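# Chains, contacts and geometry: an overview
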Amino acid sequence: MTWLPVTINAHFKLDKYLLKMCAKPRLLELINDFVLFDGGVKKLPRVHQYFGIKAAQAFVDRYEGGIIWHTQGSGKSIVMVLLAKWILENKPNARVVIVTDRDELDKQIEGVFTDAGHPITRTSSGRDLMSLLGQAKPHLQRIARH
C-alpha cells in the first residue's frame, strides 16, 4: 500500500468546513452576528445555514423575495431566528412575519425564538395580523394557518 500525497484540497470534511467557517474575514462576523443562545445553550449555524442566511441577507438588501428550501432536521428554526434578528437589527422599520401550517412547527418556532430572547407574537387571523403590522411594535409576528 502506498500513501497518497497530501495536497491542499485533500482536507477531511471537518477541516474543509472549519476552514470555510473560520476564515479570517468570516470569524468575527460569525462570533458577532451568528451566535444564538437557545435556552441557555450556545449554538452556531452549520455551514449550509450560514451561507443560506448570507444569501438571504443579500436578497433583503436588494428588496427581493426568495425561498430557502429546508428538509426535516435541517435547522429551519435557527435559520429563521438568525435571519429575523439580522433583519430587525439592520432594517429598523422592518416587520417579520412567519407563517406556519402545523401546530408542532408553530410551537417549535415560538420556543426557539423565545429561548433566543426574541419573543414572538401570535396572531389569530389575517385581520389581527394587519392590525399588528400597522403598529410600531411588535416587529416579529407569526400566524398559524391550520
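The numbering scheme is per chain: residues are counted from 1 as the chain's sequence reads. Residue-level local features of this predicted model are given only where pLDDT is at least 70; pairs of side-chain atoms are given and counted only at 80 or more, and the full residue set underlies all totals for whole chains, interfaces and linings. Values reported for side chains reflect all heavy atoms of the structure, with hydrogen atoms and water molecules removed beforehand.

This brings us to the overall build of the protein chain. If you tally the helices and strands in the protein chain, you get six helices and five strands. Each helix corresponds to a stretch of at least 4 residues labelled H or I by DSSP, and each strand to a stretch of at least 2 residues labelled E; elements are numbered beginning at the N terminus. Secondary structure elements in the protein chain, listed N-terminal to C-terminal, are α-α-β-β-α-α-β-α-β-α-β. For every residue, the accessible area (1.4 Å probe, protein chains only) is compared with the maximum for its type, and the residue is labelled buried under 20%, exposed over 50%, or partly exposed between those bounds. Out of the 146 residues belonging to the protein chain, those deemed buried represent 30%. Long-range pairs, those at least 24 residues apart, make up 58% of the contacts in the protein chain between residues at least 6 apart in sequence. Values of accessible area rely on a 1.4 Å probe in the Shrake-Rupley scheme; residue burial ignores everything except the protein chains shown. With the model as given, the accessible surface of the protein chain reaches about 10200 Å², and the carbon-plus-sulfur share is 60%. Contact definition: two residues touch when any of their heavy atoms are within 4.5 Å.

Another point: the pattern of salt bridges. One side-chain nitrogen of Lys or Arg within 4 Å of one carboxyl oxygen of Asp or Glu is enough to make a salt bridge. For the structure shown, the criterion picks out seven salt bridges. For Lys54, the salt bridge goes to Glu29, with nearest N and O atoms at 2.5 Å. Here Lys54 is found in helix α3 (residues 47–61), whereas its partner Glu29 is found in helix α2 (residues 24–33), with 25 residues between them in sequence. One salt bridge in this structure joins Arg102 and Glu104, with 3.8 Å as the shortest N-O distance. Residue classification places Arg102 among the partly exposed residues on the basis of a relative accessible area of 38%. A relative accessible area of 60% places Glu104 in the exposed class. Several salt bridges converge on common partners, so that one network encompasses Asp101, Arg102 and Glu104.

Pairing of aromatic rings covers Phe, Tyr and Trp, the last through its six-membered ring, and needs centres within 6.5 Å; plane angles under 30 degrees mean stacked, over 60 mean edge-to-face, and all others mean tilted. Summed over all chains, the structure comprises two aromatic pairs. For the ring pair Tyr50 and Phe51, a centre distance of 5.0 Å and an interplane angle of 85° mean the geometry is edge-to-face. Exposure remark for Phe51: the relative accessible area of 33% places this residue in the partly exposed category. Here the aromatic cluster, defined as three or more aromatic residues joined through ring pairs, consists of Phe34, Tyr50 and Phe51. Here, a charge over a ring means that NZ of Lys or CZ of Arg falls within 6 Å of the ring centre while also lying within 35 degrees of the ring normal. We note Arg62 situated over the ring of Phe59; from NZ or CZ to the ring centre the distance is 4.6 Å.

This part covers unusual backbone geometry. Apart from glycine, the bulk of residues carry a negative phi angle, and the bulk of peptide bonds sit in the trans form. One non-glycine residue, Tyr63, adopts positive backbone phi at about 55°. Among the structural elements, Tyr63 can be located in the loop between α3 and α4 (76–90).

Confidence of the predictor at the level of single residues is given by pLDDT, which spans 0 to 100. With 88% of its residues at a pLDDT of at least 70, the protein chain reaches an overall mean of 83. Model confidence for the protein chain, summarised as mean pLDDT per element, is weakest for strand β5 (residues 140–144) at 66 and strongest for α3 at 92.

To estimate how far a helix should reach, multiply one less than its number of residues by 1.5 Å. In this model, α4 (15 residues) spans 21 Å end to end at C-alpha, consistent with the 21 Å of a helix rising 1.5 Å per residue. Every buried residue of α4 is accounted for by Ser77, Ile78, Val79, Val81, Leu82, Leu83, Ala84, Lys85, Trp86 and Ile87.

Further remarks concern the packing of α4 against helix α5 (residues 103–115). Two numbers describe how α4 lies on α5: the axes approach to 9 Å, and their chain directions differ by 50°. In terms of orientation, α4 and α5 fall into the oblique class. In this structure, α4 crosses over α5, and the sense of that crossing is right-handed. Only Gln108, Ile109, Val112 and Phe113 of α5 make contact with α4, whose side of the interface consists of Ser77, Met80, Val81 and Ala84. The residue classification treats Ala, Val, Leu, Ile, Met, Phe, Trp, Tyr, Cys and Pro as nonpolar and Asp, Glu, Lys and Arg as charged. All others, Gly included, are polar. Class assignment of the residues belonging to the contact of α4 with α5 gives a composition of six nonpolar, two polar and no charged. Each axis is a line fitted through C-alpha atoms, and for a helix only the stretch in contact is used; angles between axes span 0 to 180 degrees, taken between their N-to-C directions. Roughly parallel means an angle under 35 degrees; roughly antiparallel means over 145; roughly perpendicular covers 65 to 115; every other angle is labelled oblique. By definition, turning the near helix anticlockwise from the far helix through less than a right angle yields a left-handed crossing, and turning it clockwise yields a right-handed one.

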